[in-house]
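# Structural features, examined
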Amino acid sequence: MDSVAADPRTTLPPLHRLPLTPAQPPHPTTLPDGTPAWLITRYHDVRQVLGDPRVTRADLHDVGTAGATADVAANPASLFNQDGPAHRRLRGTAQRAFTPRAIAGWQPWVAAAVQQSVDRLVAAGPPADLVPAFARPVPFAVTTRLMGLDGDGPDHLDEERLHRWTLALLAQGEDQAEGRNKDPHGTETGHDETLAEFGAFMGELVARRRREPGDDLVSRLVRAADQDGGVPEDSLVFLVAGLTASGNESVAGALANALLYVLGERPEHWPRLADPGIAERTAERLLHYIPLGDDEATIRRTTAPIEVGDVTIPAGSVVAVSLGSANRDPAVHPEGLDADLGLPLAAPTLAFSAGPHYCIGAWRVRLEMRESLNRLATALPGLRLTVPVADLAWQLGGTTRSPARLPVDW
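Residues numbered from 1 in each chain as written. Predicted model: local features only at pLDDT ≥ 70, side-chain atom pairs only at ≥ 80, totals over all residues. Heavy atoms only, no water.

Here strand S10 (residues 318-321) shows a buried face lined by Val318 and Ala320 and a second buried face lined by Val319 and Val321. In this sheet, S10 lies alongside strand S2 (residues 36-40) in parallel orientation, the contact comprising three bridges. Following the sheet pairing, Ile40 is matched in S10 by Val321. Looking at chain direction, strand S7 (residues 298-302) and S10 are connected through four bridges and run antiparallel. (Buried < 20%, exposed > 50% of the residue type's maximum accessible area, 1.4 Å probe, protein only. Helix = DSSP H or I, 4+ residues; strand = E, 2+ residues; numbered from the N terminus. Pairing = 2+ DSSP bridges.)

In structure tokens, the structure reads:
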């Protein structure tokens with residue numbers, strides 16, 4: 001199974017140009033850590049496997065990767081690493097907080113947060129770097145408002161502190177073992193210390209929301225968990241921490257990678273994004289074709305024999321499910337990334353997985369991507385990248401990567 005190592009000394013291709021295993025019938029492979037597995041790459045096979053109750057994620061957080069795994073993916077308290085009744089209970093609690101009515105109520109101020117970032121960018125004038133000036137401020141503003149961390153007092157969270165905690169939560173491999181962070185006073189802290197600091201903050205936040213609930217997402221999650229009962233406190237705290245850190249970082253990375261592709265390879269399409277319909281379809285197409293990280297596959301295990309296509313995968317087998325290969329399966333998505341970005345997808349994207357582990361934050365990534373592309377292109381139809389894509393450096397050290405800088409002019 002091909003993979004690209006996120007090594008800062010290596011010239012890395014953009015994520016949308018990563019080599020992926022072509023869609024083909026299930027077949028044996030070997031994971032980076034030497035684990036034998038079955039590789040699933042075809043669109044319909046992937047949908048089937050991800051929705052099959054005989055395929056589990058539990059107890060696999062240390063399988064498949066060479067070296068240490070990011071805490072956000074390795075922690076057994078993570079929603080991602082649970083299955084069965086515990087997963088259904090925690091998932092149900094989260095879904096009660098993300099009601100369609102709640103999401104609809106959040107949309108106007110998400111749009112307002114994007115517009116404020118656009119206005120600040122325009123007011124500052126060219127040239128600019130879209131990473132610190134736009135791709136990071138937009139999700140940070142949404143994250144802190146959504147979680148109720150944008151006010152004064154003990155709940156206040158600044159961007160530097162969230163970024164430091166996020167790097168610790170998402171760090172993996174050598175970054176986890178050797179990485180050092182600096183607190184706001186300039187004192188170096190180790191990975192474990194930083195994670196403990198983050199966990200303590202989130203634990204206290206959950207306790208305060210239980211005593212003094214508000215209209216933020218943390219209050220909704222705490223209220224739903226207490227009403228449902230049976231949700232372990234560590235799972236609830238980790239859910240809040242993951243939604244805060246991973247949600248913020250995922251959107252920042254996805255947005256920066258999308259801007260890199262459109263401005264770097266499809267500049268003629270940029271002015272078209274001022275049309276809201278084209279922006280919405282483009283956002284979906286970019287999220288579909290640009291992976292959220294270097295990892296080719298998500299790992300599962302069969303608890304009973306399953307038939308996938310004409311292949312029988314035995315019970316107890318590790319399966320590596322390639323979302324990227326499935327999203328590029330020519331039998332389902334024959335047009336590819338380089339087709340008209342304003343076209344609707346031929347079938348629903350698997351970028352956010354499928355089945356019981358479908359990403360609960362998918363609505364947020366879609367909303368911020370759509371609003372960002374539309375409002376930025378409306379304000380700056382002449383926006384252009386000022387350096388070749390091949391010359392850009394990458395921000396590394398987490399579960400995804402994105403450009404460290406996006407120098408632009410207009």
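We now examine helix H4 (residues 100-124). With 25 residues, H4 extends 37 Å between its outermost C-alpha atoms, agreeing within 8% with the 36 Å of an ideal straight helix rising 1.5 Å per residue. Bending of H4 peaks at approximately 30 degrees at the position of Gln107, with proline Pro108 no more than four residues after it. Ala102, Ile103, Trp106, Trp109, Val110, Ala111, Ala113, Val114, Ser117, Val118 and Leu121 are the residues of H4 that are buried. Positioned one or two residues after H4, Gly125 has a phi angle of 80 degrees, which is positive. (Expected span 1.5 Å × (residues − 1). Bend = angle between axes of the 7 residues up to and from the residue.)

This next bit is on the pattern of salt bridges. Pairing is possible between side chains of opposite charge, provided their charged atoms come close. Taken as a whole and judged by the stated rule, the model has 22 salt bridges. Between Asp52 and Arg54 there is a salt bridge whose closest N-O contact spans 2.8 Å. Accessibility expressed as a relative area gives 35% for Arg54, which makes it partly exposed. Between Arg366 and Glu284 there is a salt bridge whose closest N-O contact spans 2.7 Å. (Salt bridge = Lys/Arg side-chain N within 4 Å of Asp/Glu carboxyl O.)

A regular strand places its side chains so that they alternate between the two faces of the sheet. Burial of S7 is extensive: four of the five residues sit out of reach of the surface. The pairing of strand S3 (residues 55-56) with S7 spans two bridges and is classified as antiparallel. By the bridge assignment, Thr56 is partnered in S7 with Arg301.

Now for the confidence of the model for the chain. Confidence along the chain averages 86 in pLDDT terms, with 85% of residues attaining 70 or more. Here residues 1-10 is modelled with pLDDT under 50, and outside its nearest four sequence neighbours on either side it reaches 23 contacts, counting other chains as well. Below pLDDT 50 for its whole length, residues 172-180 participates in 21 contacts with residues either more than four positions away or in separate chains. (pLDDT = per-residue confidence, 0-100. Contact = heavy atoms within 4.5 Å.)

Hydrogen bonds along the backbone pair up the strands of a sheet, which may run parallel or antiparallel. The three strands lie next to each other as S4-S14-S11, forming an open sheet whose pairing is antiparallel. Every other strand in the sheet has two partners, leaving strand S4 (128-129) and strand S11 (384-385) as the edge strands with one partner each. The pairing of S4 with strand S14 (residues 407-409) spans two bridges and is antiparallel. Opposite Asp129, over in S14, you have Pro407 as the bridge partner.

Position of Val114 relative to the elements: it lies in helix H4. Note: C-alpha distance between Val114 and Val138 (24 residues apart in sequence) is 5.7 Å. Not counting the four nearest positions on each side in its chain, Val114 is found in contact with Phe134, Val138, Glu371, Ser372 and Arg375.

Let's shift gears to the sheet that holds S2. Taken in spatial order, the five strands line up as S1-S2-S10-S7-S3 in an open sheet, and their pairing is mixed. The sheet is open, and its two edges are formed by strand S1 (27-30) and S3, each paired on a single side. In the packing of helix H1 (residues 43-51) onto the sheet, contacts are made with S2, S3, S7 and S10, and the angle to S10 comes to roughly 130 degrees. (Axes fitted to C-alpha atoms, helices over the stretch in contact; angles between N-to-C directions.)

Angle between the axes and distance between the axes: these two values describe a pair of packed helices. One can describe the packing of helix H6 (residues 137-147) onto helix H11 (residues 233-265) by two numbers: an axis separation of 9 Å at closest approach and a directional angle of 160 degrees. Our classification of the angle between H6 and H11 gives roughly antiparallel. Between H6 and H11 lies a crossing whose hand is right-handed. Facing Pro139, Phe140, Thr143 and Met147 of H6, the residues of H11 in contact are Val240, Leu243, Thr244, Asn248, Val251 and Ala252. Here the contact of H6 with H11 is composed, by residue class, of seven nonpolar, three polar and no charged. (Parallel < 35°, antiparallel > 145°, perpendicular 65-115°, else oblique. Left-handed = near helix turned anticlockwise from the far one by under 90°. Nonpolar A, V, L, I, M, F, W, Y, C, P; charged D, E, K, R; others polar.)

Tracing the chain through its elements places Gly382 in the loop between helix H14 (362-379) and S11. According to the relative accessible area criterion, Gly382 is partly exposed, its value standing at 43%. With sequence-adjacent residues up to four places away left out, Gly382 is seen in contact with Asp409 and Trp410.

Looking now at the nonpolar core. One finds Leu130, Phe134, Leu259, Trp270, Leu376 and Leu406 to be the most contacted residues of the largest nonpolar core, which totals 49 residues. For this core, the secondary-structure elements that each account for two or more residues are H4, helix H5 (130-135), H11, helix H12 (276-289) and H14. No other element matches H11, which puts ten residues into this core. Membership of the second largest hydrophobic core comes to 43 residues, among which are Ala97, Ala168, Phe238 and Ala241. (Core = buried A, V, L, I, M, F, W, Y, C linked by side-chain atoms within 4.5 Å.)

In total, this model carries six aromatic pairs according to the counting rule given. Arranged with centres 6.5 Å apart and planes meeting at 65 degrees, the rings of Phe352 and Tyr358 form a pair that is edge-to-face. Assessed through its relative accessible area of 4%, Phe352 is described here as buried. Here the aromatic cluster, defined as three or more aromatic residues joined through ring pairs, consists of Phe98, Trp106 and Trp363. Sitting over the ring of Trp394, Arg401 keeps its end group 4.5 Å from the ring centre. (Phe/Tyr/Trp six-rings, centres within 6.5 Å; stacked < 30°, edge-to-face > 60°. Lys NZ or Arg CZ within 6 Å of the ring centre and 35° of its normal.)

Before going further, it helps to examine the side chain of Ser372. With respect to the helices, strands and loops of the structure, Ser372 is situated in helix H14. You can call Ser372 buried: its relative accessible area is 1%. Within polar-contact distance, the side chain of Ser372 engages the backbone oxygen of Glu368 at 2.7 Å. Not counting residues up to four positions away in its chain, the partners in contact with Ser372 are Val114, Phe134, Val138 and Leu255. (Polar contact = N/O pair within 3.5 Å; in protein donor to acceptor, adjacent residues only side chain to side chain.)

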